[in-house]
Amino acid sequence: MRPNALEAVVGLPSPSGFSIWWNGGSILGLLLASQILTGLFLSMHYTADMTNTFASVIHIIQDIPGGWVFRNLHANGASLFFVFLYLHIGRGLYYQSYITQPRTWMVGVTIYFISMGTAFVGYVLPWGQMSFWGATVITNLISAVPYIGMAAVEWVWGGFSVGQSTLNRFFSLHFLMPFLVAGLSLLHLLFLHNKGSTNPLGETHHVSKIPFHPYFTWKDLVGFLVVFGGFVALGFFYPFILGDPENYNEASSMVTPVHIQPEWYFLFAYAILRCIPNKLGGVIALVLSIAVLYFLPLGVSEKVTPSSFTMFYQWMFWGLVSSFIILTWLGACPIEEPYITLAVPMTILYFGFYFILVAMPGLWAKIIS
């Protein structure tokens with residue numbers, strides 16, 4: 001008799017050397033489910049109408065029983081989702097999962113792309129000052145595309161500026177795209193279980209394996225409780241710490257904010273965009289700052305030495321992390337000196353580390369040999 005799907009999952013042979021960094025995937029699944037559920041509740045009371053949108057958000061917070069809880073959890077849940085998404089990607093980079101599981105990695109990067117798109121269109125929906133002007137600035141980047149740029153921008157806007165049609169489209173996309181993320185997550189898990197999970201040594205062939213349940217289900221449950229505690233603390237006690245104060249003013253096309261910036265999880269790419277004087281070049285660099293992850297599995301056919309034992313690879317990894325953090329800080333700084341000039345070498349280092357990982361896969365092996 002063939003085991004059912006539940007038995008296949010709970011009895012899945014898993015490496016005994018899983019560390020806490022392997023909890024990220026299950027936590028991301030929990031946060032995605034939370035975002036879908038809270039978003040579904042908010043959509044029942046949200047009004048995608050330019051004249052009433054901002055008021056509908058205030059109505060949810062002040063008049064709907066428990067509405068402020070769902071709104072705070074949904075807004076801060078997006079930040080927590082990206083925290084663990086970056087940790088999950090960082091774990092995959094450190095242990096070189098893109099080599100042992102290229103298909104799983106490719107689907108994961110696609111999830112990352114769609115998640116960023118979902119977060120962007122969702123940031124527009126409250127219709128605050130930063131929402132409106134952030135949408136105006138970011139969608140205007142499409143105009144850098146030769147020949148069809150302006151026509152494409154007007155098609156996205158549904159007119160000649162960000163307006164009612166734009167809001168309707170972004171609301172529809174924000175409602176549907178999380179379900180696409182959920183579907184791709186299932187495909188991500190399918191590829192993962194087909195090849196088998198890696199361990200801290202970066203291998204998929206293990207001498208010792210143990211059933212997933214009860215060992216790792218309890219470990220995941222502990223991770224859920226820790227994240228839930230942080231989630232509640234953020235949503236109940238510090239609900240506005242990650243938001244921009246400018247977004248608590250209703251959108252006005254007549255008043256431009258002094259400093260326009262996206263949410264914190266976009267800031268590294270925003271800093272890269274700002275430091276390049278050419279508009280088309282900046283847009284290309286912006287896209288490549290994320291799309292470069294697609295090229296990592298192409299660099300090597302097999303791993304020579306585990307990254308955890310390779311000092312040169314660790315230098316590359318921590319250099320990449322440092323440049324990412326500095327670029328995130330620079331993206332939040334005003335568009336003035338010395339921040340623009342400082343972003344240039346950081347951008348070069350950011351892409352330089354990726355270039356070494358992709359184009360020179362045997363370099364660290366030669367250095368340690």
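Remember, it's a predicted structure, so these values are computed and weren't measured experimentally.

A. Region of the structure containing unusual backbone geometry. Of note, the bond from Glu-337 into Pro-338 is cis; its omega dihedral lies within 30 degrees of zero at 5 degrees. Mapped onto the secondary structure, Pro-338 falls in the loop between helix 13 (311-332) and helix 14 (339-359). Residue Gln-96 is not a glycine yet carries a positive backbone phi of 55 degrees. Within the element layout of this structure, Gln-96 appears in the loop between helix 4 (67-94) and helix 5 (97-100). With a relative accessible area of 1%, Gln-96 lands in the buried category. Positioned with a positive phi, Tyr-147 is a non-glycine residue whose angle comes to about 70 degrees. Among the secondary structure elements, Tyr-147 is positioned in the loop between helix 7 (129-140) and helix 8 (149-157).

B. Spotlight on the packing of aromatic side chains. Summed over all chains, the structure comprises 29 aromatic pairs. Measuring from centroid to centroid gives 4.2 Å for Phe-82 and Tyr-265, while their planes differ by 10 degrees, and the two rings are stacked. One end of the pair, Phe-82, is in helix 4; the other, Tyr-265, is in the loop between helix 10 (215-237) and helix 11 (267-274), and 183 residues separate them in sequence. On the accessibility criterion, Phe-82 (2% relative accessible area) is buried. For the pair Phe-120 and Phe-170, a centre-to-centre distance of 5.8 Å together with 65 degrees between the ring planes defines the contact as edge-to-face. In this pair, Phe-120 is assigned in helix 6 (residues 102-124) and Phe-170 in helix 9 (residues 164-195), connecting sequence segments 50 residues apart. We classify Phe-120 as buried; its relative accessible area is 18%. Residue class for Phe-170 comes out buried when judged on its relative accessible area of 5%. By way of ring pairs, the aromatic residues Phe-81, Phe-82, Tyr-86, Tyr-112, Trp-264, Tyr-265, Phe-266, Phe-268, Phe-324, Tyr-350, Phe-351 and Tyr-354 are connected into one cluster.

What counts and what doesn't
Residues numbered from 1 in each chain as written. Predicted model: local features only at pLDDT ≥ 70, side-chain atom pairs only at ≥ 80, totals over all residues. Heavy atoms only, no water. Helix = DSSP H or I, 4+ residues; strand = E, 2+ residues; numbered from the N terminus. Buried < 20%, exposed > 50% of the residue type's maximum accessible area, 1.4 Å probe, protein only. Phe/Tyr/Trp six-rings, centres within 6.5 Å; stacked < 30°, edge-to-face > 60°.

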